[in-house]
Amino acid sequence: MSGIGFGERIPNFVRMNAGGQPVMFYDRCCGDPALIVTGTPATLSASAGPLAQLLVEAAAAGLVCFVVVRTGPDGPKTDTPETDSPETGIAALSSLFPDTVCLLADSDGQLSDHLAGRQTDVTLFITGRTLRLLASLPFDGADPAIRRTFAKALAYPHGQPPLLEIPDLLTPAECDMLIGVFDRADPVPSGSHVEKAGKVVLEEDPDAKVRLDVTVPQGPVSEKLMAIMTHRLVPELRYVFSFTPRSSEQFKIVRYDADSGGHFAVHRDNSTPDAVARRFAITLNLNTGAYDGGGLIFPEYGPAPVSPPAGGAVVFSCGLAHRVTPVTRGVRYALISFLHGA
Ligand SMILES: O=C(O)CCC(=O)C(=O)O
Ligand SMILES: [Fe+2]
């Protein structure tokens, strides 16, 4: 069988679920290993009972589970009446699998081809936290290799997150000046960009993020920040990443408060259509010591928080999953921006 091989990254993909909603793979998997099952409606229905059991077990163990149904080329015909859309084609299957499973219609068969080649029998693809393939196995509920691979995926060794830490990017006086800018401004609750019915909308969702933001307006402060970044940050980006930013988004000064449960749940910075041009994220702690929590975690690379001292920045690729743990005492101020490239 051709298809994806050991050690290869599962590419990001978007497919419709049974309710006709688009689901993005990399949005669902932010630091947990994944189990993807491929097959056709016929092969998946034929093994639905034992497969559902395995999926329940995998989800309970901590794998994010997907069933990708080849409904397109070489699957059942879907190109005629609208009532027979790929999504309604998989609706019949959804009752066979637990709710924890994300059932997706592969209406052009391309994802199935990429993963499984021309194979139409039920096949399992198991990844580690960074979504690289550990094993592809034909489905046989009794095969001990499946459980062994689950265990390997869950215990996968953590590496160092591939980020650049730059201490002293700002002086203590510059940090205090920016905290002063925040405190004199009218901060707004920070929303999250989400895609709804093909449109990107700003939504306030306290499960996703609790934070106050001040966007630094064009003027002396933003000019000073641009000059600092040009002189102190860009040479480091060139040296470490061989990257020269072409532009950056407006700086934001942000504050996470213990009183309101300030935090930012796991996300990637480039997963909505308005953000695809982002290459690197920069976050800079403006204060430390005055709060607990508020650590930056890259779950694909382990649970250790990154918390540079005040004035220190962290720069990382916008595709990496990350989160900010709840601030449990005091307030954390940070300066953030996103860099665009050529
Ligand atoms: O608060 C931080 O350090 C990171 C914020 C963040 O991840 C973002 O704004 O996208
Ligand atoms: Fe982020």
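In the block above lies the structure referred to throughout.
Residues numbered from 1 in each chain as written. Chains lettered and ligands numbered in written order. Predicted model: local features only at pLDDT ≥ 70, side-chain atom pairs only at ≥ 80, totals over all residues. Heavy atoms only, no water.

Trainee: How would you summarise the state of the cysteines if you had to cite specific residues and measurements?
Mentor: Tallied over the entire structure, the rule returns 0 disulfides. Residue Cys102 stays outside any disulfide, its sulfur separated by 9.0 Å from that of Cys29, the closest cysteine. By relative accessible area, Cys102 is classed as buried at 7%. (Disulfide = S-S within 2.5 Å. Buried < 20%, exposed > 50% of the residue type's maximum accessible area, 1.4 Å probe, protein only.)

Trainee: Report on the packing of aromatic side chains, specifying residues and quantitative values.
Mentor: In this structure the tally under the stated criterion is 7 aromatic pairs. Their ring planes at 10° and their centres at 4.6 Å tell us that Phe13 and Phe25 sit as a pair that is stacked. Of this pair, Phe13 sits in the segment before β1 (14–17) while Phe25 sits in helix α1 (residues 25–28), placing them 12 residues apart in sequence. The pair formed by Phe13 and Phe25 is uniform in burial state, with each residue classed as buried. Both rings, one in Phe298 and one in Phe316, keep their centres 4.9 Å apart while their planes meet at 80°; by these two values the pair is edge-to-face. Separated by 18 residues along the polypeptide, Phe298 in the loop between β19 (296–297) and β20 (313–317) and Phe316 in strand β20 bring together distant segments of the chain. A single burial state applies to Phe298 and to Phe316, both of which are buried. Taken together, Phe13, Phe25, Tyr26 and Phe66 form an aromatic cluster joined through their ring pairs. Residue placement shows Arg278 over the ring face of Phe338; its charged tip is 3.6 Å from the ring centre. (Phe/Tyr/Trp six-rings, centres within 6.5 Å; stacked < 30°, edge-to-face > 60°. Helix = DSSP H or I, 4+ residues; strand = E, 2+ residues; numbered from the N terminus. Lys NZ or Arg CZ within 6 Å of the ring centre and 35° of its normal.)

Trainee: Summarise the pairing of strand β17 (residues 278–285); cite the residues concerned and give the values.
Mentor: Most of β17 sits out of view: 7 of its 8 residues are buried. With 7 bridges joining them, β17 and strand β22 (residues 327–340) adopt antiparallel strand pairing. Among the inter-strand pairings, Ala281 is bridged to a residue of β22, identified as Phe338. In this sheet, β20 lies alongside β17 in antiparallel orientation, the contact comprising 5 bridges. Note that in β20 the partner of Ala281 across the bridge is Phe316. (Pairing = 2+ DSSP bridges.)

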